[in-house]
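In case you want the letters, here they are:
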Amino acid sequence: MARIYKLLGLNALASGPHTSPANNKHHKYSFHLRNLKIDHPKSSLGYDITCIPVKTGFLYLSAIIDFYSRSIVGCSLSNTMTSDWTTEVIKVAI
């Protein structure tokens, strides 16, 4: 995502990659893709929602990335974050 942010000229509001401290009371899940061999397109996809502040409120950018090719396979911009919207982004990408 950093490469795409740079191409679009976007910057994060919070400094650094650690925007929220870890809570030791919460369970930490292991990284399940560590031993997965990603050797063809669409073998592993990632999903991210980014909040973009604008003058009148917020916009939400939803993107799905193919980890093999590092390309965006689906994206959408919305002024509301609903489950219908996120589901539709996934359906279009797949």
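What this report covers is the structure whose coordinates are included nearby.

## Digging into the overall build of the chain
Scanning the chain from terminus to terminus reveals 2 helices and 3 strands. For the chain, the N- to C-terminal ordering of α and β elements is α-β-β-β-α. Sorting the 94 residues of the chain into buried and exposed places 18% on the buried side. A sequence separation of at least 24 residues applies to 32% of the contacts in the chain between residues at least 6 apart. Of the roughly 7900 Å² that the chain leaves accessible, carbon and sulfur atoms contribute 57%.

## What about the side chain of Asp66?
Relative to the helices and strands, Asp66 resides in strand S2 (residues 57-66). Here Asp66 is buried and forms no salt bridge, its nearest opposite-charge partner Lys42 lying at an N-O distance of 7.3 Å. Separated by 3.2 Å, the side chain of Asp66 and the backbone nitrogen of Lys42 make a polar contact. Discounting residues that sit within four places of it in the chain, Asp66 has contacts with Pro41, Lys42, Ser43, Ser44, Leu45, Ser71 and Val73.

## Quick look at the pairing of S2
Summarising burial for S2: 7 of the 10 residues are buried, a large majority. In the sheet, strand S1 (residues 45-54) pairs with S2 via 10 bridges, with the strands oriented antiparallel. Bridge pairing in S2 links Cys51 to Tyr60. Between the antiparallel neighbours S1 and S2 lie 2 residues. Between S2 and the antiparallel strand that follows it, strand S3 (residues 71-78), lie 4 residues; Arg70 among them carries a positive phi value of about 60°.

## Things to note about the pairing of S3
Bridge count for S2 against S3 is 7 bridges, and the pairing is antiparallel. Bridge pairing links Ile64 to Gly74 in S3.

## Some details on unusual backbone geometry
Note on backbone geometry: most residues besides glycine have negative phi, and most peptide bonds are trans. For Lys42, which is not glycine, the phi torsion reads 60° and is therefore positive. Within the chain, Arg70 stands out as a residue other than glycine whose phi angle is a positive 60°. Its location among the elements puts Arg70 in the loop between S2 and S3. Take Arg70: its relative accessible area is 61%, and that puts it in the exposed class.

## Topic: the sheet that holds S3
Pairing is antiparallel in the open sheet, where 3 strands are placed in the order S1-S2-S3. Of all strands in the sheet, those bounded by a partner on one side alone are S1 and S3. Each strand axis lies, on average, 20° off the axis of its neighbour in the sheet, ignoring direction. On top of the sheet, helix H2 (residues 83-93) reaches S1, S2 and S3; it is set at about 30° to S2, its chief contact.

About the criteria used
Residues numbered from 1 in each chain as written. Predicted model: local features only at pLDDT ≥ 70, side-chain atom pairs only at ≥ 80, totals over all residues. Heavy atoms only, no water. Helix = DSSP H or I, 4+ residues; strand = E, 2+ residues; numbered from the N terminus. Buried < 20%, exposed > 50% of the residue type's maximum accessible area, 1.4 Å probe, protein only. Contact = heavy atoms within 4.5 Å. Areas by Shrake-Rupley, 256 points an atom, 1.4 Å probe, with all protein chains shown as cover. Lys, Arg positive; Asp, Glu negative; His and termini not counted. Salt bridge = Lys/Arg side-chain N within 4 Å of Asp/Glu carboxyl O. Polar contact = N/O pair within 3.5 Å; in protein donor to acceptor, adjacent residues only side chain to side chain. Pairing = 2+ DSSP bridges. Axes fitted to C-alpha atoms, helices over the stretch in contact; angles between N-to-C directions.

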